[in-house]
Amino acid sequence: MCVGDVLRRGGFLLHSVEHRTYRRLDGVSCVSATDCEAVGSSDANQVLAEHWNGSGWSLQTVALPSGASNSSLAAVSCTSATACIAVGGACLPPAQCNVVGGGPTSPLAERWNGTSWAASAPVAPSGVSAAYLDGVSCATASACAAVGFSTTDFGGTVTLAENWNGTSWSQQTTPNAAGSIFNSLEAVSCASATSCISAGGVNYSGTLAEQLSGTSWSLLHAADPGGTLGGELASVACASSTACTAVGGSLIEAWNGTSWSIQRPAEPVGFRGVSCSLATACTAVGGYLSGVGADRSLAQRWDGSAWSVQSTADPSTSGNVDLSAVSCPSATSCIAVGMFETSSSYCLGPGAGDSPLAEEWDGTAWSLSSVPAPSGAVCVALTGVSCTSATQCFGVGSYTDSANNSFTLVERWNGTAWSIVAGTDPGGGSNQLNAVSCASATLCVAVGVSGFQSLAELWNGTSWSVQSLPSGCCALTGVSCPSTTSCLAVGGHIAERWDGLTWAFSQPVFPKKAIDYSIVADSCASATACTAVGHGLDVLIPAPVLSSGGGIPSTGGGGGGTPVTLAETYSG
């Protein structure tokens, strides 16, 4: 496949630029739905830039400084279609690469004018062996802040910040944490030309934040989570000078103009589901590893300006508790489902719990809802949920019996209680439902697998019925129904379309020379506008392997391919 190719099959479009090299994109900035710039590096140790025009990605030529080698771009910021700044690092001159094991030694900046990329010259700090810019933010085309680090004589690092005034770069004085050896700034966000927040790390385990007010940078005391490692901040976004959010690993911190506050209480954290009823009302659910060594459920709420941790209502158990999915029909109504286990349970498969879990959000607090388990069930879990109102939800999942046979499970919420909906299992002793989507109170579709065959079930307002599918093969893991006459179900290498009467096979598009590609989830805004996502391996790109030293990735064979992500659009 050549650069810029677009494949279409069965209504699916694969929007990607396929390279026959190992590459990575580290930064992206969009000024509209049809104009984005993405930057990174290729396996030839050269910069990589790509442009999105609303229908496809295309490679761009980047003009490097004379003599530059081993170059890479880490971040990009665009204020218009004709004004972008990208930053990173390069070896200047090339002989200096040996000083730091082949890595960039000088800061690098590139300017996009709507037609081409041209190099601009950041100020290289004097007396250092290496410097690199990791983040950039432009308030206007003539006001950008770039941040990163430079080395010290004794092998440590200090913070670095530079300012772009539309014509040239100038280095700014930045503070460092007292008594620290390693300081670096990873990201920056500017609400205006004279107001920026930058975030990074200290000694590889602590948070670092700095503020630009006017022309001076000052330290901000970020809130380090107690007793944790790896608390570095890697990204920051500011809606205004008094509303910023910084993240790193499993940590979220919010800046209110005066102080930082931690918004994630424990780590590691894994989010598994999210639902938004409004642009200012989103709920994300999952689990985190608590101090007692067991998973506990997690919910966070977005109010349009920041995420905040909510107190969930976990059952009393010393075993794991986890939320897998959430559905919010309104800003004051959410249902989250998952599983929990007793300290003695040992269950395998989706959910891996011995009891189904459901929690309800009423706009103020989460509360536990009692969910009945099927008679004879040993292991039970709910993995999907969809609500059309506060009094109409379906939760789907599976359960196993003492002989390790698995069966589909559908439970219904009426606003007061959960009840098992009978007669939905196709039989055979190996069945499960993975996801559900309801377009109305009288039309829902649940998908999963029966044996090794695709499974879809339809709710008509009265009962569930197993559907006949044309493809037959493979588990279905995602479904989205934007209307009562339009659903798209996806899983593995297949997709199925529901038109209100029958199901039809729709072939997704996969990159050439790809192996083990799988679509896992989808979301549809309308019958002709869906996005599906997944993952796989690309045999054209050598798999990263660990060096003999055990910690530094290098490119080599033997892995069968490199893990890559996949995104497709469906146009009906």
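Residues numbered from 1 in each chain as written. Predicted model: local features only at pLDDT ≥ 70, side-chain atom pairs only at ≥ 80, totals over all residues. Heavy atoms only, no water.

Asker: Hey, could you run me through the sheet that holds strand S28 (residues 333-340) in this one?
Answerer: Where strands meet in a sheet, backbone hydrogen bonds hold them as pairs that are either parallel or antiparallel. Spatially, S27-S28-S29-S30 is the arrangement adopted by the four strands of the open sheet, whose pairing is antiparallel. Strands at the two margins of the open sheet, each flanked by one partner only, are strand S27 (321-330) and strand S30 (366-369). Within this sheet the neighbouring strands show an average axis-to-axis angle of 25°, counted without direction. (Pairing = 2+ DSSP bridges. Helix = DSSP H or I, 4+ residues; strand = E, 2+ residues; numbered from the N terminus. Axes fitted to C-alpha atoms, helices over the stretch in contact; angles between N-to-C directions.)

Asker: What is the right way to read the state of the cysteines from this model?
Answerer: In a disulfide, the sulfur atoms of two cysteines are held together by a covalent bond. Tallying each qualifying case throughout the model produces eight disulfides. Shown here is the disulfide that connects Cys138 with Cys144, its sulfur atoms set 2.1 Å apart. Looking along the S-S bond of the Cys138-Cys144 disulfide, the torsion reads about 105°, which is the right-handed sense. For the pair Cys138 and Cys144, a shared accessibility class is recorded, and that class is buried. The side chain of Cys190 participates in a disulfide bridge whose partner is Cys196; the two sulfur atoms lie 2.1 Å from each other. For the disulfide bridge between Cys190 and Cys196, the dihedral angle about the S-S bond is near 100°, and by the sign convention the bridge is right-handed. Across this residue pair, the class does not change: Cys190 and Cys196 are buried. (Disulfide = S-S within 2.5 Å. Buried < 20%, exposed > 50% of the residue type's maximum accessible area, 1.4 Å probe, protein only.)

Asker: Sorry if this is basic, but what is going on with the packing of aromatic side chains here?
Answerer: Two aromatic rings, taken as a pair, are described by how far apart their centres are and by the angle between their planes. Throughout the structure, instances matching the rule amount to 11 aromatic pairs. For the pair Trp52 and Trp57, a centre-to-centre distance of 5.5 Å together with 45° between the ring planes defines the contact as tilted. Judged by its relative accessible area of 21%, Trp57 falls in the partly exposed class. Between Trp498 and Trp503, the aromatic rings sit 5.6 Å apart at their centres with planes inclined by 45°, giving tilted as the arrangement. What links up through ring pairs into an aromatic cluster is the set Phe394, Trp459 and Trp464. (Phe/Tyr/Trp six-rings, centres within 6.5 Å; stacked < 30°, edge-to-face > 60°.)

Asker: What's the story with the environment of Ala146 in this structure? I'm lost.
Answerer: Looking at the secondary structure, you find Ala146 in strand S12 (residues 143-151). In this structure, the C-alpha to C-alpha distance between Ala146 and Pro107, residues 39 residues apart in sequence, is 10.0 Å. Every residue in contact with Ala146, bar those within four places of it in the chain, is listed here: Val87, Leu133, Gly135, Val136, Leu160, Ala161, Glu162 and Trp169. (Contact = heavy atoms within 4.5 Å.)

Asker: How should the sheet that holds strand S39 (residues 478-483) be read in this particular structure?
Answerer: In spatial order, the strands read S39-S40-S41-S42; together these four strands make up an open sheet with antiparallel pairing. What marks the edges here is a single partner per strand, and that holds for S39 and strand S42 (503-506). The mean angle between the axes of side-by-side strands here comes to 20°, regardless of whether they run parallel or antiparallel. As defined by bridge partners, strand S40 (residues 486-491) adjoins strand S41 (residues 494-498) across five bridges and the pair is classed as antiparallel. Looking at the pairing, Val490 lines up with Ala495 of S41.

Asker: Could you clarify how one ought to interpret the side chain of Ser198 in this entry?
Answerer: By secondary structure assignment, the location of Ser198 is in strand S16 (residues 195-202). Its relative accessible area of 0% is what places Ser198 among the buried residues. One polar contact links the side chain of Ser198 to the main-chain carbonyl oxygen of Ala187, over a distance of 2.9 Å. Discounting residues that sit within four places of it in the chain, Ser198 has contacts with Val147, Leu185, Ala187, Val188, Leu208, Ala209, Glu210 and Trp217. (Polar contact = N/O pair within 3.5 Å; in protein donor to acceptor, adjacent residues only side chain to side chain.)

Asker: Which parts of the structure should I look at to understand the side chain of Gln60?
Answerer: Topologically, Gln60 is positioned in strand S6 (residues 57-60). With relative accessibility at 15%, the residue Gln60 sits in the buried group. In this structure the side chain of Gln60 is engaged in a polar contact, spanning 2.8 Å, whose partner is the side chain of Trp117. In this structure, Gln60 is in contact with Glu37, Ala49, Glu50, His51, Trp112 and Trp117, ignoring residues within four places of it in sequence.

Asker: I would appreciate a short explanation of the confidence of the model for the protein in the present structure.
Answerer: When pLDDT is low, close inspection of the predicted coordinates is not appropriate. Considering every residue of the protein, the mean pLDDT works out to 79; 77% of them sit at 70 or more. Contacts for the low-pLDDT stretch residues 1-10, under 50 throughout, to residues beyond four places or in other chains number 27 contacts. Here residues 540-560 scores under 50 on pLDDT; set against residues more than four positions off or in separate chains, the count is 37 contacts. (pLDDT = per-residue confidence, 0-100.)

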